[in-house]
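Close look at the chain arrangement
The residues making up each chain are set out below.
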Amino acid sequence: MTPHTTSTVHRGTAHAPHREYWFGLPALRTSVKAARDTVRERLCAWRVPGDLCCDAVLLVSELTTNAVIHTDSTRFLCGIALAGDECLRIEVHDDDLTARRPAGRRPGPRDEGGRGLLLVHQLAAAWGADRSPRTDGTVVWADLRTNA
């Protein structure tokens, strides 16, 4: 599965973010829940509608899981930004200096995993990956439309 837009890191949409929040966590499996909880709490504080919040939490879960399982990172950085009434940007930056791009695969019906990027592809209006300007590892980002 390849990203369905260019692989360059977008710095928000055409508008500067009205709200932005960043946090870092150790690259441990237990950090995935902490990332979900942190994003859910922040989006609820911003009064983001329930469906959009649920989609964002799912994407954060998938992207942070990939950073924990598929990289040699010791930490990851997660950011969310609301740009007006148009876009919610989610970014996960790892610190794996090999800068591996996410590799999609086609899981079989009995496979327990391997569907994360398929979910990202289905939910996001756009997504991609590139070298992280914040960590020198890889950033994977996804945009959700807020006015859908």
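Reference entry: report on the structure contained in this document.

Definitions and cut-offs
- Residues numbered from 1 in each chain as written.
- Predicted model: local features only at pLDDT ≥ 70, side-chain atom pairs only at ≥ 80, totals over all residues.
- Heavy atoms only, no water.
- Phe/Tyr/Trp six-rings, centres within 6.5 Å; stacked < 30°, edge-to-face > 60°.
- Buried < 20%, exposed > 50% of the residue type's maximum accessible area, 1.4 Å probe, protein only.
- Lys NZ or Arg CZ within 6 Å of the ring centre and 35° of its normal.
- Pairing = 2+ DSSP bridges.
- Helix = DSSP H or I, 4+ residues; strand = E, 2+ residues; numbered from the N terminus.
- Axes fitted to C-alpha atoms, helices over the stretch in contact; angles between N-to-C directions.
- Contact = heavy atoms within 4.5 Å.
- Core = buried A, V, L, I, M, F, W, Y, C linked by side-chain atoms within 4.5 Å.
- Salt bridge = Lys/Arg side-chain N within 4 Å of Asp/Glu carboxyl O.

As a further point, take the packing of aromatic side chains. One pass over the full model with this rule turns up one aromatic pair. Note on tyrosine 21 and phenylalanine 23: the rings are 6.0 Å apart at their centroids and 35° apart in plane angle, and the pair reads as tilted. Classification of tyrosine 21 as partly exposed rests on a relative accessible area of 25%. The exposure class of phenylalanine 23 is buried, given its relative accessible area of 9%. The cationic tip of arginine 134 hangs over the ring face of tryptophan 22; the distance from NZ or CZ to the ring centre is 3.8 Å.

This paragraph deals with the sheet that holds strand 3 (residues 87–94). The strand order across the open sheet built from five strands is 1-2-3-5-4, with neighbouring strands paired in antiparallel fashion. Each edge of the open sheet is held by one strand with a lone partner, namely strand 1 (19–26) and strand 4 (126–131). Strand-to-strand twist across the sheet, computed as the mean angle between neighbouring axes with direction ignored, equals 15°. The strands touched by helix 2 (residues 50–69) are strand 2 (75–83), strand 3 and strand 5 (138–145); relative to strand 3, the strand with the most contacts, the crossing angle is about 15°.

To continue, consider the nonpolar core. In terms of nonpolar packing, the biggest core is built from 33 residues, with Val39, Leu43, Leu88 and Ile90 touching the most fellow members. When residues of this core are traced back to their parent elements, those giving at least two are strand 1, helix 1 (29–45), helix 2, strand 2, strand 3, helix 3 (116–123), strand 4 and strand 5. Among the elements that take part in this core, helix 2 stands out by supplying nine residues, more than any other. The contact partners of isoleucine 90, leaving out residues within four places of it in the chain, are Ala56, Leu59, Val60, Leu63, Gly79, Ile80, Val140, Trp141, Ala142 and Leu144.

Moving on to the pattern of salt bridges. Summed over the entire model, instances satisfying the criterion amount to four salt bridges. A salt bridge links glutamate 91 to arginine 89, with the shortest nitrogen-to-oxygen separation between them at 3.5 Å. For arginine 89, a relative accessible area of 4% translates into the label buried. Residue aspartate 143 pairs with arginine 89 through a salt bridge whose shortest N-O separation is 2.3 Å. Taken together, the positions of aspartate 143 in strand 5 and arginine 89 in strand 3 put the pair 54 residues apart, joining distant regions of the chain. When sorted by exposure, aspartate 143 lands in the same class as arginine 89, which is buried.

This part takes up the pairing of strand 3. Judged by how many residues are buried, strand 3 sits mostly within the fold: eight of eight residues are covered. Judged by which residues are buried, strand 3 turns out to be covered on both faces: Cys87, Arg89, Glu91 and His93 on one side and Leu88, Ile90, Val92 and Asp94 on the other are all buried. Connecting strand 2 to the antiparallel partner strand 3 that follows it, the hairpin turn spans three residues, and glycine 84 within it adopts a positive phi of roughly 60°. Summarising the sheet, strand 3 and strand 5 pair through seven bridges and their orientation is antiparallel. Looking at strand 5, one finds that leucine 88 is bridged to leucine 144.

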